[in-house]
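Given next are the chains, with one letter for each unit.
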Amino acid sequence: VTATLTLPSSTGTLLSTANPQSGGVIQVVQATYSTSTAFSSTSYATTGIAASITPKFSTSKILVIATAGGLYTSGPSTQANFYVRRGDGTFVGVIMDAMQLYATGVTTFRIPTCTMTKLDSPGTTSTVTYKIVMNRRTGSGQVGVNSYGSTAPSSGFTLMEIAG
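Residues numbered from 1 in each chain as written. Predicted model: local features only at pLDDT ≥ 70, side-chain atom pairs only at ≥ 80, totals over all residues. Heavy atoms only, no water.

1. Side note on the overall build of the chain
Okay, step 1: Scanning the chain for helices and strands turns up zero helices and 10 strands.
Okay, step 2: Reading the chain from its N end, one meets helices and strands in the order β-β-β-β-β-β-β-β-β-β.
Okay, step 3: In the chain, once contacts between residues fewer than 6 apart in sequence are set aside, the share between residues at least 24 apart is 81%.
Okay, step 4: Split by element, the accessible area of the chain, about 8600 Å² in all, is 51% carbon and sulfur. (Helix = DSSP H or I, 4+ residues; strand = E, 2+ residues; numbered from the N terminus. Contact = heavy atoms within 4.5 Å. Areas by Shrake-Rupley, 256 points an atom, 1.4 Å probe, with all protein chains shown as cover.)

2. Notes on the pairing of strand S10 (residues 155-162)
Okay, step 1: Counting buried positions along S10 gives eight out of eight residues, so the element sits mostly inside the fold.
Okay, step 2: Of the two faces of S10, the one lined by Ser 155, Phe 157, Leu 159 and Glu 161 and the one lined by Gly 156, Thr 158, Met 160 and Ile 162 are each fully buried.
Okay, step 3: Summarising the sheet, strand S1 (residues 25-33) and S10 pair through eight bridges and their orientation is antiparallel. When the sheet's bridge partners are listed, Val 29 is paired in S10 with Leu 159.
Okay, step 4: The pairing of strand S4 (residues 61-74) with S10 spans seven bridges and is classified as antiparallel. The residue of S10 that forms the bridge with Ile 65 is Thr 158. (Buried < 20%, exposed > 50% of the residue type's maximum accessible area, 1.4 Å probe, protein only. Pairing = 2+ DSSP bridges.)

3. Brief notes about the side chain of Arg 136
Okay, step 1: Secondary-structure assignment places Arg 136 in strand S8 (residues 128-138).
Okay, step 2: At a separation of 2.5 Å, a polar atom in the side chain of Arg 136 contacts the main-chain carbonyl oxygen of Ser 40. (Polar contact = N/O pair within 3.5 Å; in protein donor to acceptor, adjacent residues only side chain to side chain.)

4. Side note on the nonpolar core
Side chains of a nonpolar character, in soluble globular proteins, are inclined to be buried together.
Okay, step 1: In terms of nonpolar packing, the biggest core is built from 27 residues, with Val 84, Ile 95, Tyr 130, Phe 157 and Leu 159 touching the most fellow members.
Okay, step 2: Per-element accounting of this core gives the leading share, five residues, to S4. (Core = buried A, V, L, I, M, F, W, Y, C linked by side-chain atoms within 4.5 Å.)

5. Topic: the pattern of salt bridges
Okay, step 1: Under the counting rule described, the total for this entry stands at two salt bridges.
Okay, step 2: Between Arg 86 and Asp 88 there is a salt bridge, and its shortest N-O distance comes to 3.4 Å.
Okay, step 3: Overall, the relative accessible area of 13% leaves Arg 86 in the buried class.
Okay, step 4: Put simply, Arg 86 and Asp 120 hold a salt bridge, and the shortest N to O gap is 2.8 Å. Taken together, the positions of Arg 86 in strand S5 (residues 78-86) and Asp 120 in strand S7 (residues 108-120) put the pair 34 residues apart, joining distant regions of the chain. For the pair formed by Arg 86 and Asp 120, the shared burial category is buried.
Okay, step 5: In the salt-bridge network here, residues are joined through shared partners; they are Arg 86, Asp 88 and Asp 120. (Salt bridge = Lys/Arg side-chain N within 4 Å of Asp/Glu carboxyl O.)

Given below as structure tokens:
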């Protein structure tokens, strides 16, 4: 098969995968997670919600869109934090900070879905993993994600490599 490529008669840089246009999307990765997970630890624990991307260029930025569905706390005055961290432990952003259930006769406090969007600069061409972590900040109850049983909203990530 013979193909002809016609280029415009102007000067400039030919864009390719080796030379992408700044701000252009290079690749997209999506991952979803629907298993209900609960913790009562005051230490940060991974929720199992994670996604990895291998940037093609060290100058690229990663647009991180993290969605946590079915967030909940149970027990009087239980306060929870939900964050996104890179696999190396670097804090990326907040999904929900200090979500709290007050002792008002309610047994479980739920939020259907929260989303965080952040432009991250990992500065590498090695695989980068993003994780949603959570902890119980105060109180004695549990904190969790995807807590609505069979109607639980899915949690997950969309990661987009953006040319630098």
